[in-house]
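What follows is the residue order along each chain.
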Amino acid sequence: MKSGYNAPPPPAPGEFANTRVAIVATRWNAEVVDALVEGAANALRDWGMADNNVSVFRAPGAYELPLACEQLARGKHFDGVVALGAVIRGDTPHFDFVAGECARGLQEVMLRHALPVGFGVLTVNTAEQAAERAGEGQDNKGYEAAQAVLEMIRFEWEVDAP
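Along each chain, residue indices are assigned from 1 in the same order as the chain's sequence is written. Totals for whole chains, interfaces and linings use every residue, but because this is a predicted model, local features are given only for residues with pLDDT of at least 70 and side-chain atom pairs only at 80 or more, for both listing and counting. To obtain the side-chain values, all non-hydrogen atoms of the structure were included, while hydrogens and water were left out.

Asker: Any chance you could explain the overall build of the chain here in plain terms?
Answerer: In DSSP terms, a helix is any run of H or I states spanning at least four residues, a strand is any run of E spanning at least two, and both are numbered starting from the N terminus. When helices and strands are counted, the chain shows five helices and four strands. For the chain, the N- to C-terminal ordering of α and β elements is β-α-β-α-β-α-β-α-α. Its C-alpha atoms put the chain at 55 × 35 × 30 Å along the principal axes. Residues classed as buried in the chain amount to 43% of the 162 residues present. Each accessible area is a Shrake-Rupley estimate made with a 1.4 Å probe; only the visible protein chains count as cover when residues are assessed. Working note: accessible area of the chain is about 9,100 Å², and carbon and sulfur atoms make up 53% of it. Note on exposure labels: buried denotes an accessible area under 20% of the residue type's maximum, exposed denotes more than 50%, and partly exposed covers the range between, all computed with a 1.4 Å probe on protein chains only.

Here you go:
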């Protein structure tokens, strides 16, 4: 159990049966990102979503994730988007620019379209840290990002309820 984390109530039967979610994952650090995709898909299944309501897309890298999410948001085919990637610090400032601009861009998409966008982009110092965060189970950061999207979809329903 996560320290200080108040887990959401479990989904009611059929609660997310008609929900559509897109997963957008980067091509860099493929082994780690593929594990994040698997984690996200597991979360969506655990919350009662059918596999045919989940679409997976690939973007070249984390820097391109905001545009990919923007294009999906404009299409209005999805109730939420899970953005997944892994930016691992190297010897140059490249990490700082990519990680920061990715986070900023994803937040802008979320706010501009009032569309939940799960931030499952690892920003780590080492490949070992990335592997730890992409492991099996509910601590997988892809799982957590997908769960956050569903929680925000639920939040929207609660706010919009008469």
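Asker: What's the story with the packing of helix H2 (residues 65-75) against helix H3 (residues 94-113) in this structure? I'm lost.
Answerer: Working note: a packed helix pair is described by the angle between its axes plus the distance between those axes. Where H2 contacts H3, the axes come no closer than 8 Å and their chain directions differ by 15°. In this view, H2 runs roughly parallel relative to H3, as classed from their interaxial angle. Both H2 and H3 take part in a crossing whose hand is right-handed. Together, Leu65, Pro66, Cys69, Glu70, Ala73 and Arg74 of H2 and Glu101, Cys102, Gly105, Leu106, Val109, Arg112 and His113 of H3 make up the contact between the two elements. Here, axes are lines fitted to C-alpha atoms. For helices the fit covers the stretch in contact, and angles between N-to-C directions go from 0 to 180 degrees. In this scheme, roughly parallel covers angles under 35 degrees and roughly antiparallel covers those over 145, while 65 to 115 is roughly perpendicular and the rest are oblique. Should the near helix be turned anticlockwise from the far one by less than a right angle, the crossing is termed left-handed; should it be turned clockwise, right-handed. Throughout, a residue-residue contact means that at least one pair of heavy atoms, one from each residue, lies within 4.5 Å.

Asker: Looking at this structure, I do not really get a nonpolar patch on the surface. What am I missing?
Answerer: The patch calculation keeps residues exceeding 30% relative accessible area without a salt bridge and links them within 9 Å when they carry like charges or within 5 Å when they are nonpolar (Val, Leu, Ile, Met, Phe, Trp, Tyr). Between Lys or Arg on one side and Asp or Glu on the other, a salt bridge is scored when a side-chain nitrogen of the former is within 4 Å of a carboxyl oxygen of the latter. Judged by side-chain polarity, Met152, Phe155 and Val159 come together as a nonpolar surface patch covering roughly 290 Å² of accessible area. Topologically, methionine 152 is positioned in helix H5 (residues 141-160). Given a relative accessible area of 42%, methionine 152 falls into the partly exposed group.

Asker: Is there a simple way to explain H2 in this structure?
Answerer: One full turn of an α-helix is made of 3.6 residues, so residues set three or four places apart face in the same direction. Listed as buried for H2 are Leu65, Pro66, Ala68, Cys69, Glu70, Leu72 and Ala73. Positive phi appears at lysine 76, one or two residues downstream of H2, with a value of about 55°.

Asker: Just to check I follow, could you spell out the layout of surface pockets for this structure?
Answerer: The gaps left among the atoms become clear once a water-sized probe is rolled over them. Site definitions follow a grid-based scheme: protein atoms alone, a 1 Å grid, a 1.4 Å probe that fits but cannot get out for cavities, and for pockets an open set with protein on both sides within 12 Å along at least five of seven lines, plus lining residues having an atom within 4 Å of a point. Grid points are joined across faces, edges and corners, and a volume is the space filled by probe spheres set on the points. A volume near 240 Å³ is recorded for the second largest pocket. In terms of lining residues, the second largest pocket is bounded by 15 residues, among which Trp28, Ala86, Val87, His94 and Val98 are the most central. Elements that contribute at least two residues to the lining of the second largest pocket include exactly strand E3 (80-88) and H3.

Asker: Is there a simple way to think about the sheet that holds strand E2 (residues 54-59) in this case?
Answerer: Hydrogen bonds along the backbone pair up the strands of a sheet, which may run parallel or antiparallel. An order of E2-E1-E3-E4 is seen for the four strands of this open sheet, with the pairing classed as parallel. Edge strands, defined here as strands with exactly one partner in the open sheet, are E2 and strand E4 (117-124). If you compare each strand with its neighbour and ignore which way they point, the axes differ by 15° on average. Strand contacts of H2: strand E1 (21-26), E2, E3 and E4, with the helix running at about 160° to E1, the strand carrying the most contacts. Against the sheet, H5 engages E1, E3 and E4, with an angle of about 150° to E3. Strand pairing is assigned whenever DSSP detects at least two bridges linking the two strands.

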